[in-house]
Each structure stands twice: as C-alpha cells, then as structure tokens.
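The lines below spell out each chain.
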Amino acid sequence: MSEELFHQNEQMSEVLQQVSSQLRLSLGNIHSALVRLAPPEAREDHEGIDRDAAVLCQSYYRILRLAHNLSDVSEPERPEGAGLTNDDVVEVCRGVMERAEVPAELLGIRLAFRSNKPGQIIAMDSERIERLLLNLLSNAFKFIGAGEKLVTLEVRTEPDYVYLTLSDTGRGIPAGQLDTAFDRWQELRRMDPPPHGLGLGLPVCQRIVREHGGALVLSSQEGRGTTVTASLPNRRAPVRLRTSLPIMNWNGGFNRTLLGLADALPRQAFTQKYLD
C-alpha cells in the first residue's frame, strides 16, 4: 500500500468513526421518542399504531446496525486474544440459531444446526462471535435463492481448531467478486439495488475471526449458494469460565438478534409481537 493510500484510509477511518458516533447519538433520541409516541401497550392494542411504529423501528435498527459496522471497520483492530474468556462455542452457536428461527420463518427460510460434539469450551468473546454469526446469517437471508431456502450452521471440533461453517442455498457470489469480498471499500464502488448493503459485513466478520487468532474462508458458486468457514483456535484462556450469555442487550433498548438481521428482515419482524 502506498503512503498516500495509507493516509487516505486513515482519514477515511477517522471520518467514519465520527459519523458512527453522531448516528448513535441521534438514534438514541429517535428511539426514546418512538417509545413515547408508541409505547408497547399502545402497539399491542392498536394494529395501525403497531404497523406505523414497526416502519420506524425497522429503520432505527437498520441505521444502528450500519453505525456499528462503520465503527467496527474504522477502529484499530484489537490485539489477537485480547478480552477473550472461556465459553461454550457450541452453546453460543446453538443459541444464535434458535433465536434466529422466528425471523427466518418470516422469509420462508429453514435453519439447521449440527455439531460433532455437544459442547466445547474455548477462549472467545461470545458477543463478538454472536455478531459474526448474525452478520453471516444476514447475508444468507438477503441472498437466499428462490428454490429450497435452507441455511445450515455446522460446528466441527478438531484438536487444534473449532470450525464454524455456515452454508446457504442462495444465489451465490459472482466469481469476479470473490477476490474483493473482504475489501471494506470495494462494495461502495459497485453499489447494486437492495438487498445489497455497503459490503461491510464480511470485513467485520474477518476482523472478529482474526481477533480470535483464526481465519475466515469464503467459497461460493453463482446459482448454487455460499459457504463461509471461520476457524477458531481450540484453546482456553487463563481466566474463570463465564457461564451465561445474555440474550438481550438493553443498552439503547435493542434486541441483538433483530439488530444483526435488520438489513434482511421485513417490516413485520419489528411489530410488537416479535419485539417481545
């Protein structure tokens, strides 16, 4: 990378960090106003209020997801292994797939989960691994094919690594785009109509896996689907086991599962029925 290009990327990162911060500040006010204008009890009693509030809620989640991704790709990468604790990677993966079942049903997608071991404790950041999986699921949901709609997550534990493999029956990625799939800016230069995003999901996933000391491998065939495999070192951190993973993060009032899948879900997913 040339020195000029390096400085351009540094400046871009600084701008994006500021944009992300400003978005989150404004979104906090928007969410507070939304709750005051359409409290949960009013949404439960009035279908029209719930329908209108769902449109606002959907936009809130999508913009918040974008702000998080912008922040992730613009901040310095964490040192490998920093902040990891011991947790059950199989249970975390199973939990993400279980919580994604209902949103998937809205799109007519069937989820499958399998593991060659009932559990496996490794050094990991559970919330970051959850983020990784939700980003991959979001991509799979957005580009699912018209035939059989199946997304499968397999956890395979080997002596040195644990492999998380997510496969879909989607449209696949054109061969000419595979080489730049992890380029955080490449997608901005070839924007397609929705459901195409900014192309930040895979770079965020790659960063998360690298922070764990692993690697992310992508394979895809146009018209046949996509497979993404994350390899995580099968090792433990010298800290006490963390025994629980919070399903909800109420900081800001959002549901992490809906947040991670917001780009791929229809408005109905943000009605009070599903927010509850």
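Predicted model only: the values in this text are computed from it and were never measured. (Residues numbered from 1 in each chain as written. Predicted model: local features only at pLDDT ≥ 70, side-chain atom pairs only at ≥ 80, totals over all residues. Heavy atoms only, no water.)

(A) How the structure looks around the overall build of the protein chain. Check the secondary structure of the protein chain and you find 9 helices and 7 strands. Counting the 276 residues in the protein chain, one finds 46% classified as buried. Long-range contacts, defined as pairs at least 24 residues apart, comprise 76% of the intrachain contacts of the protein chain with a sequence gap of at least 6. Summed over its atoms, the accessible surface of the protein chain is roughly 14100 Å², and 51% of this surface lies on carbon and sulfur atoms. (Helix = DSSP H or I, 4+ residues; strand = E, 2+ residues; numbered from the N terminus. Buried < 20%, exposed > 50% of the residue type's maximum accessible area, 1.4 Å probe, protein only. Contact = heavy atoms within 4.5 Å. Areas by Shrake-Rupley, 256 points an atom, 1.4 Å probe, with all protein chains shown as cover.)

(B) Representation of the pattern of salt bridges within the structure. All chains considered together, the criterion is met by 14 salt bridges. We note a salt bridge from Asp 263 to Arg 65, for which the minimum N-O separation is 3.1 Å. Separated by 198 residues along the polypeptide, Asp 263 in the loop between α8 (256–261) and α9 (272–275) and Arg 65 in helix α3 (residues 47–74) bring together distant segments of the chain. Accessibility expressed as a relative area gives 25% for Asp 263, which makes it partly exposed. When its relative accessible area of 8% is taken as the criterion, Arg 65 is described as buried. Asp 72 serves as the salt-bridge partner of Arg 131, at 2.7 Å between the closest nitrogen and oxygen. (Salt bridge = Lys/Arg side-chain N within 4 Å of Asp/Glu carboxyl O.)

(C) Representation of the packing of α3 against helix α5 (residues 126–142). The interhelical angle for the contact between α3 and α5, taken along N-to-C directions, is 120°, at an axis separation of 13 Å. When you trace α3 past α5, the crossing you get is left-handed. Of the residues in α5, those touching α3 at Arg 65, His 68, Asn 69 and Asp 72 are Arg 128, Arg 131, Asn 135 and Ser 138. Here the contact of α3 with α5 is composed, by residue class, of no nonpolar, 4 polar and 4 charged. (Axes fitted to C-alpha atoms, helices over the stretch in contact; angles between N-to-C directions. Left-handed = near helix turned anticlockwise from the far one by under 90°. Nonpolar A, V, L, I, M, F, W, Y, C, P; charged D, E, K, R; others polar.)

(D) Representation of a negative patch on the surface. Taken together, Glu 41, Glu 44, Asp 45 and Asp 276 make up a surface patch of like negative charges. On the secondary structure map, Asp 45 appears in helix α2 (residues 40–45). (Patch = residues over 30% accessible without salt bridge, like charges linked within 9 Å, V, L, I, M, F, W, Y side chains within 5 Å. Lys, Arg positive; Asp, Glu negative; His and termini not counted. Charge placed at Lys NZ, Arg CZ, Asp CG, Glu CD.)

(E) Structural view of the sheet that holds strand β2 (residues 110–115). A sheet is described by the order of its strands in space; here 5 strands give the open sequence β2-β4-β5-β7-β6, paired in mixed fashion. Of all strands in the sheet, those with a lone pairing partner are β2 and β6 (215–221), marking the two edges. The mean inter-strand angle of the sheet, taken between neighbouring strand axes irrespective of direction, is 10°. Pairing of β2 with strand β4 (residues 150–157) involves 6 bridges; the strand directions are parallel. The residue bridging Ser 115 from the neighbouring strand is Val 155, located in β4. (Pairing = 2+ DSSP bridges.)

(F) Geometry of the pairing of strand β5 (residues 161–168). Here β4 runs beside β5; their pairing, made up of 7 bridges, is antiparallel. Across the sheet, the residue bridging to Val 155 is Leu 164, located in β5. Linking two consecutive strands that pair antiparallel, namely β4 and β5, is a turn of 3 residues. Relative to strand β7 (residues 225–233), β5 runs antiparallel, the two sharing 7 bridges. Bridged to Leu 166 within β7 is Val 228.

(G) Inspection of the pairing of strand β1 (residues 85–88) at higher detail. Of the two faces of β1, the one lined by Thr 85 and Asp 87 and the one lined by Asn 86 and Asp 88 are each fully buried. The pairing of β1 with strand β3 (residues 121–124) spans 4 bridges and is classified as antiparallel. Residue pairing in the sheet places Thr 85 in a bridge with Met 124 of β3.

(H) Fine view of the packing of aromatic side chains. Scanning all chains against the criterion turns up 3 aromatic pairs. Measuring from centroid to centroid gives 5.4 Å for Tyr 61 and Phe 270, while their planes differ by 55°, and the two rings are tilted. Of this pair, Tyr 61 sits in helix α3 while Phe 270 sits in the loop between α8 and α9; the two residues are 209 residues apart in sequence, bridging distant segments of the chain. Accessibility assignment for this pair places Tyr 61 and Phe 270 in one class, buried. Relative to Tyr 163, the ring of Tyr 161 lies with its centre 6.2 Å away and its plane at 40°, an arrangement referred to as tilted. (Phe/Tyr/Trp six-rings, centres within 6.5 Å; stacked < 30°, edge-to-face > 60°.)

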